[in-house]
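Overview (structure and organization)
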Amino acid sequence: MKINSFGIVDTAVQRPCTHFDERPNDEDISLLVIHNISLPAGQFATPFVDDLFMGCIDCQAHPSFTDLQGLRVSAHCFIKRTGEIVQYVPFSKRAWHAGRSEFLGRSQCNDFSIGIELEGTDTTAYTQNQYNALQSLTKALINKYPAITRSRIVGHCHIAPGRKTDPGDSFDWNYYFAALPLTSANLE
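What counts as what
- Just so you know, the residues in each chain are numbered from 1, in the order the chain's sequence is written.
- Residue-level local features of this predicted model are given only where pLDDT is at least 70; pairs of side-chain atoms are given and counted only at 80 or more, and the full residue set underlies all totals for whole chains, interfaces and linings.
- Based on all heavy atoms of the structure, the side-chain values leave hydrogens and waters out of the count.
- The helix and strand labels rest on DSSP assignments: H or I over at least four residues marks a helix, E over at least two residues marks a strand, and numbering proceeds from the N terminus.
- Computation of the radius of gyration draws on C-alpha atoms, with the globule rule given as 2.2 Å multiplied by the number of residues to the power 0.38.
- Whenever a nitrogen or oxygen atom comes within 3.5 Å of another N or O atom, the pair is scored as a polar contact, on the condition that within protein one atom can donate a hydrogen and the other can accept it, and that pairs from neighbouring residues in sequence are kept only if both atoms are in side chains.
- In this description, contact between two residues means that some pair of their heavy atoms is separated by no more than 4.5 Å.

As a further point, take the overall build of the protein. Check the secondary structure of the protein and you find 4 helices and 10 strands. Sequence-ordered secondary structure for the protein, helices as α and strands as β, is β-β-β-α-β-β-β-β-β-β-α-β-α-α. A compact globule built from 188 residues would reach a C-alpha radius of gyration of about 16 Å, and the protein, at 15 Å, matches this within 12%. Reported as C-alpha extents along the three principal axes, the dimensions of the protein are approximately 50 × 35 × 35 Å.

On to the side chain of T138, then. Along the chain, T138 turns up in helix α2 (residues 128-144). A polar contact is formed between the side chain of T138 and the side chain of Y176, at a distance of 2.8 Å. Once you skip the residues sitting within four places of it in the chain, T138 turns out to touch L32, I153, Y176 and L180.

Take the environment of S101 next. Note on placement: S101 falls in the loop between β6 (93-95) and β7 (102-103). Each C-alpha atom, one on S101 and one on G155, is 11 Å from the other, the two residues being 54 residues apart in sequence. In terms of polar contacts, S101 uses its side chain to reach the backbone carbonyl oxygen of G99, at 3.0 Å. Only 3.1 Å separates the side chain of S101 from the backbone nitrogen of C109, close enough to count as a polar contact.

Structure (structure tokens):
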């Protein structure tokens, strides 16, 4: 898996959305944030996550979608339960995934982070295919953006505590980190 100079993953399905803007400093990519999402909550393989990120979700399609009316959010990538990676925003651009957030005293995490959404919930185990895809993508990100180190890979819950809980207790951090190098030099 390779990431080109525009921040595009060569093996991902490309679904360019309009919910992004320019980063204040595109050389400051130094944080990876892992999220989860399912729409409706707990239902998988629906078209609604894609519709949300593409800005065309029908808020009448399910009663829980009323809060999504007018919401403009995105992630850089979405990893389906099959392991398929869908890219919505090039990594060189600022996706709108973190909201009110802070990491090590620095607010506005969207400015310097990459957001990866896993299709899932806080309480449903993620699939082996998702871990494989996330681990491969993370290795490619560490190679491309060496400021992203193991200590700068977090969940949404870590940068928005009390407001967000994802990726939840169902995410196996130890298993995920076990497949990653200790440093980017280990990737060469």
